[in-house]
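The primary structure of each chain is shown beneath.
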Amino acid sequence: MDLFEPTRQAFALLVTGDAKLWGIIWVSLWVAVLAIAVTAPVAIAGGWALAKLKFAGRRAIVVLMQALLSFPTVVIGLVIYLLLSRRGPLGVFELLFTPWAIMLGYIVIALPILIVFTVSAVQGADPRIYETARSLGARPLRAALTTLWEVRFAVMAGIVNAFGRVVSEVGCALMVGGNIAGLTRNIPTAIALETAKGEFAQGIALGMVLVVLAIGINVMLAWLQGRGGLE
Amino acid sequence: MRAPLLRMSGLHKRFGTRVLFDGAELALEAGHGYVLSGANGCGKTTLLRMIAGLEASLHGTLEFRAQPATTARYPEAWRREIVYVHQQPYLFHTTTEKNLEYGLARRGVPPVERQARVREALEWAGLADRSDVPPHKLSGGEAQRAALARAKLLNPALLLLDEPTANLDGNARKQVLDLVTALCIDDHTVLIASHDPEIMRLAILDRLTLAERRIVVE
C-alpha cells in the first residue's frame, strides 16, 4: 500500500484548515478537557481522603479504583448506554448520542486514574510537609492543599494520564456518542470510521494530531517539573 | 507565683510494648531556654512532637498558659503559638522568601508587612542573598537557618527545636549554633532537644534530661 500519498493528503488537510477535520479535533478536545476539569477537583479531593483519612471501607474503595483502571472502556460504554437509553433510568435526560454522554463516559474512565494517582502521590509525600504546614499555623484544609501543591507534579502526571486515556478512547465514545458527524464524531471514532472506509488521509491526519497532543502534553509536564526543581 | 507557660504531667507514651514515658512531668517558664538531652531513642523528639500537637495520642495532662488540652483534641489556637522545627526541616518547593512568608500569611499578616518582616528575618539568618533560591539549592546549614528564621519571625510563645545542629559540621554548624544562641538570649521560650555538647554547655539554657522514662531537671 502507498503510504506517501495519504500522508501528503493528511498534511494538506491539516495545513489548509479543513473544517470537517478541525471540527472533529474540536469535539475531541472540548469534551475531554471539560471532562477532566469536572473530574479532577472531585477525584483529587477523594484521593486525598482515601490516602489520609481512616474510615471503614477505605481499603476496599482503593482496590476498586485500582480494578477500574483496567476496566474495558467498551463495558463502561455499555453501562452508560443502558443508563442513558430511552428506557434506562436516566433516559428522560435524552443524553444518549450527544457529547454529554461521551463526557459522562470520560468522567467514569478518568475518575479512578486521577484518584489512584492522587492516593499514590499523597501516600508517598514526605509527612513533614503536612506537619510543617500545621506547625506554622495552617489549618487542616490549608495543610492538605499545601501537601497537594508539594506533590503537584505527581498529581499532574495523573491528569496527563487521564487526559491521554480519554482523548484516545474509542469504545465508549463510539457506543454512547454514536459517531455522528459534526456532533459526536471525535478523533478516535473518526480514525476508526475513515480507516474502515479506506480513507486513510483523514485517519493519518487525526492520528498525527493525537501523537502531537500526547508528546506536547508530556513535554509540558517535563518542563514544569524542571521549573519546579525536580531533576 | 506565676503559672508556667507549659506544663505536662502524668505523661505516658508507649510504642507497642516499648514505654517511652511513664508519669513524666515537665514545666517550662516563659522567657527561659531549655535543652533536653538523653540517649538516642529515649523519646526527645516524641516529647517535642507531643507538645507541638503532632502526635496522634497524648496520655497525660498538657497545659499551655494554664489551659488544658484534652487527649482527643489539641487546641487549634496553640498552633499559632507553638512552633516546631524538625531535625531535618522541610522547606516547601518555592523560594526561601516564600517559605518564610508561609506562617505569616496563615496569620493574616498583610503582604507589605510580610515582606518587611521576611527581609528582616533573612538578614538575621544571613540569607539575604538567598531569598529567591529554591530549597534544593540551599546547603544543609542554609536550610536549617531558613527554617529557624521561618519559625522565629512568627514570634512564637514557645519554639521547639529538634536537634538543630545534627548532620551539620564546621562553619554550617557554627552559624546555626549562633542563631540558636541568639534566639535563647532574645527572651524567646525555647526547648531544644540536642546531644550537641556546645548547646548543652550554653549557660543561658536550663538542662533537662530524659532518663528512666521521666524528665529530670538538672
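**Student:** Would you take a moment to explain the overall build of chain A for this structure?
**Tutor:** Looking only at helices and strands, one finds eleven helices and zero strands in chain A. Going residue by residue from the N terminus, the α and β elements of chain A occur as α-α-α-α-α-α-α-α-α-α-α. Projected onto its principal axes, the C-alpha positions of chain A cover 65 × 50 × 25 Å. Every one of the 231 residues in chain A was classed for burial, and the buried ones make up 38%. For chain A, restricting intrachain contacts to residue pairs at least 6 apart in sequence, the fraction spanning at least 24 positions comes to 76%.

**Student:** Sorry, what's going on with the overall build of chain B here?
**Tutor:** In terms of helices and strands, chain B carries six helices and ten strands. Computed over its C-alpha atoms, the radius of gyration of chain B comes to 17 Å, within 12% of the 17 Å expected for a compact globule of 218 residues. Dimensions of chain B, computed from the C-alpha atoms along their principal axes, are close to 50 × 40 × 40 Å. Put simply, chain B has 218 residues, and 41% of those count as buried. For chain B, the proportion of contacts with a sequence separation of at least 24, taken over those separated by at least 6, is 68%.

**Student:** Help me understand the packing of helix 5 (residues 99-124) of chain A against helix 8 (residues 152-167) of chain A, please; the structure alone is not making it clear to me.
**Tutor:** To describe two helices that pack against each other, one gives the angle between their axes and the distance between the axes. Residue and element names in this part refer to chain A. Two elements in contact, helix 5 and helix 8, have axes whose closest approach is 9 Å; the angle formed by their N-to-C orientations is 160 degrees. As far as their axial angle goes, helix 8 and helix 5 are roughly antiparallel. Note that helix 5 runs across helix 8; the crossing there is right-handed. Seen from helix 5, the contacting residues are Tyr106, Ile109, Ala110, Ile113, Leu114, Phe117, Thr118 and Ala121; seen from helix 8, they are Ala154, Val155, Ala157, Gly158, Ile159, Asn161, Ala162, Arg165 and Val166.

**Student:** How should the sheet that holds strand 1 (residues 6-15) of chain B be read in this particular structure?
**Tutor:** Two orientations exist for strands paired in a sheet by backbone hydrogen bonds: parallel and antiparallel. Residues and elements named next belong to chain B. Here we have four strands laid out as an open sheet, ordered 2-1-4-5, and antiparallel in their pairing. On the outer flanks of this sheet lie strand 2 (18-28) and strand 5 (67-69), each paired with one strand and no other. Here the strands of the sheet are splayed against their neighbours by 25 degrees on average, with no regard to which way each runs.

**Student:** Hey, could you run me through the environment of Ala121(B) in this one?
**Tutor:** Within the fold, Ala121(B) resides in helix 3 (residues 111-124). Put simply, Ala121(B) and Pro111(B) are ten residues apart on the chain and 15 Å apart in space, counted from C-alpha to C-alpha.

**Student:** I'm lost on helix 3 of chain B in this one. Help?
**Tutor:** An α-helical turn contains 3.6 residues, so a residue and the one three or four places further along point in the same direction. All names here are of chain B. For helix 3, built from 14 residues, the straight-helix expectation of 20 Å at 1.5 Å per residue is met to within 8% by its first-to-last C-alpha distance of 20 Å. Listing the buried residues of helix 3 in full gives Arg114, Val118, Ala121 and Leu122. Taken end-on, helix 3 shows its buried residues confined to a sector of 100 degrees, consistent with a single buried face. Opposite the buried face of helix 3, by more than 90 degrees, sit the exposed residues Val112, Glu113, Ala116 and Glu123. Residues of helix 3 that are buried make contact with helix 2 (96-106) and helix 4 (140-152). Glycine 126 sits one or two residues past helix 3 and shows a positive phi near 70 degrees.

**Student:** Honestly, unusual backbone geometry in this entry has me stumped. Any pointers?
**Tutor:** Only a minority of non-glycine residues have a phi that is not negative, and only a minority of peptide bonds are not trans. Residues and elements named next belong to chain A. If you check the backbone angles, phenylalanine 97 has positive phi at about 65 degrees while not being a glycine. Within the secondary structure, phenylalanine 97 sits in the loop between helix 4 (73-84) and helix 5. One non-glycine residue, asparagine 179, lies in the positive phi region at around 55 degrees. Mapped onto the elements of the fold, asparagine 179 is located in the loop between helix 9 (171-177) and helix 10 (187-196). Asparagine 179 gets classed as partly exposed once you count the C-beta atoms within 10 Å, which come to 18.

**Student:** Would you take a moment to explain the interface of chain B and chain A for this structure?
**Tutor:** For an interface, size is often stated in terms of accessible area lost upon the parts coming together. Taken together, the 17 residues of chain B in the interface contact 16 residues of chain A. Elements with a contribution of two residues or more to the side of chain B that touches chain A: strand 6 (82-85) and helix 2 of chain B. In the side of chain B that touches chain A, the residues fall into eight nonpolar, four polar and five charged.

Calculation criteria
Residues numbered from 1 in each chain as written. Chains lettered and ligands numbered in written order. Predicted model: local features only at pLDDT ≥ 70, side-chain atom pairs only at ≥ 80, totals over all residues. Helix = DSSP H or I, 4+ residues; strand = E, 2+ residues; numbered from the N terminus. Buried ≥ 20, exposed ≤ 12 C-beta atoms within 10 Å, placed from the backbone. Contact = placed C-beta atoms within 7 Å. Rg over C-alpha atoms; globule rule 2.2 N^0.38 Å. Axes fitted to C-alpha atoms, helices over the stretch in contact; angles between N-to-C directions. Parallel < 35°, antiparallel > 145°, perpendicular 65-115°, else oblique. Left-handed = near helix turned anticlockwise from the far one by under 90°. Pairing = 2+ DSSP bridges. Expected span 1.5 Å × (residues − 1). Arc of directions from axis to C-beta. Nonpolar A, V, L, I, M, F, W, Y, C, P; charged D, E, K, R; others polar.

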